[in-house]
Amino acid sequence: MVHLNRQILIIFIILASNMYGQRYDNFWEDRWDDFQRTSKEDITFLHRRYYHDTVSVEEMKDAFLRYSNVTCDNSLYEGYDSLSFPMEGHGSSIMLVSPLKHHSDSQVRKCRGVWSYPFLKLVDLVDENGMSQSKLVEKLNRSKNRQWLDGEILLLEEPRSYMGFVVSPCLYWAIYDQGKLLANVNTSTNSPDFFSHAEVTSIGFGGHWDRKLQSGARLMGAMCNLEYLPLNEKLECTFSVLLYQTSRHIGNKDQGGCYTLELLEPESPEKDVQRLFQDLKSFVENLPDKTFKPYFTTDYRIMNGRYFRVTVNQCGWLIEDYLLR
């Protein structure tokens with residue numbers, strides 16, 4: 001198991017002391033170990049079968065220039081089957097791989113399926129003109145043991161729009177044989193990164209995977225503030241960065257430098273912004289491997305980046321994730 005490096009662990013201990021008024025030397029280490037335990041699923045075969053490509057750094061930078069000030073009005077589910085979870089605290093999923101797409105009836109193949117959980121119940125079929133085909137649904141659901149439910153299913157759970165990409169850290173895969181479930185696996189998580197997992201000021205448990213994303217980003221800013229205090233009380237700077245995973249590893253042992261930053265804007269930063277950016281970059285480059293979980297996209301790629309807006313003033317560092325801005 002990857003352990004926190006000493007520098008970051010010391011920062012965590014100091015922060016815990018400030019938050020609780022006493023020393024909690026094992027608190028952050030325990031939270032780290034707990035976060036790593038939620039990432040144990042072996043989905044190597046999904047990487048080989050579907051997700052064997054990544055979104056490049058250059059593409060992520062270009063996406064920021066194109067979409068940072070654009071509001072997504074189109075439905076994320078357009079062109080895909082969708083699956084809804086009636087239980088509170090669960091959102092809908094995009095069905096990237098649907099058993100309807102290889103059905104023997106061409107009318108069924110042309111439709112978008114609307115499903116519900118549990119038991120993968122087919123609720124509706126919507127044709128190319130947006131019209132409900134209720135008779136087709138009834139016909140399929142009357143068939144014995146739903147034998148047409150055959151083959152693989154791949155879900156991107158609770159998708160979000162992110163700089164022109166549709167992403168989620170949660171995948172669900174299953175394979176059926178004529179209506180019978182043979183096997184399944186998922187990467188479901190309530191925490192897409194260590195900071196949102198470790199954040200303890202929010203009330204409640206469970207919920208959507210991005211529920212504590214912003215409070216986690218603020219926690220990262222608070223930790224950075226412990227090591228890099230603003231030098232000028234009158235200073236106020238705002239800049240945007242791309243945090244992404246690097247490939248700087250030595251063997252199987254974490255040596256730091258697993259993450260780094262690119263300055264996205266302003267294009268011509270002043271000296272204060274350059275200095276603060278370098279401070280944040282130094283902080284990020286000391287984070288251990290697996291601090292951030294990957295996002296999966298609808299075009300079958302892995303996105304190992306995060307977009308942050310950073311504000312620094314006399315109050316310290318405020319970091320906000322663009323996902324929820």
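See the structure shown above.
This report concerns the structure included in the present document. This is a predicted model, so every value here is computed, not measured. (Residues numbered from 1 in each chain as written. Predicted model: local features only at pLDDT ≥ 70, side-chain atom pairs only at ≥ 80, totals over all residues. Heavy atoms only, no water.)

## Concerning the packing of aromatic side chains
Throughout the structure, instances matching the rule amount to 17 aromatic pairs. Ring centres 5.2 Å apart and planes at 65° place the aromatic pair Trp 32 and Phe 194 in the edge-to-face group. With a gap of 162 residues between them, Trp 32 in helix H2 (residues 27-37) and Phe 194 in helix H7 (residues 194-198) connect regions that are remote in the sequence. Accessibility assignment for this pair places Trp 32 and Phe 194 in one class, buried. Across from the ring centre of Tyr 295, 3.9 Å away, lies the NZ or CZ of Arg 306, which sits over that ring. (Phe/Tyr/Trp six-rings, centres within 6.5 Å; stacked < 30°, edge-to-face > 60°. Helix = DSSP H or I, 4+ residues; strand = E, 2+ residues; numbered from the N terminus. Buried < 20%, exposed > 50% of the residue type's maximum accessible area, 1.4 Å probe, protein only. Lys NZ or Arg CZ within 6 Å of the ring centre and 35° of its normal.)

## Points about the pattern of salt bridges
Inspection of every chain in the model, using the stated rule, returns 10 salt bridges. Ionic pairing is found between Arg 37 and Asp 34, a salt bridge with its closest N-O pair at 3.7 Å. Of this pair, Arg 37 and Asp 34 are both found in helix H2, 3 residues apart, which corresponds to roughly one turn of the helix. Taken together, the shared-partner salt bridges connect Glu 58, Lys 61 and Glu 262 into one network. (Salt bridge = Lys/Arg side-chain N within 4 Å of Asp/Glu carboxyl O.)

## Some thoughts on the sheet that holds strand E11 (residues 259-265)
Strands sit in the order E11-E10-E14-E15 across an open sheet of 4 strands; the sheet is antiparallel. Edge positions in the sheet fall to E11 and strand E15 (316-321), since each has one partner strand and no second. Strand-to-strand twist in this sheet, taken as the mean axis angle between neighbours without regard to direction, amounts to 35°. For strand E14 (residues 305-313) and E15, the ladder comprises 6 bridges, and the chain directions are antiparallel. (Pairing = 2+ DSSP bridges. Axes fitted to C-alpha atoms, helices over the stretch in contact; angles between N-to-C directions.)

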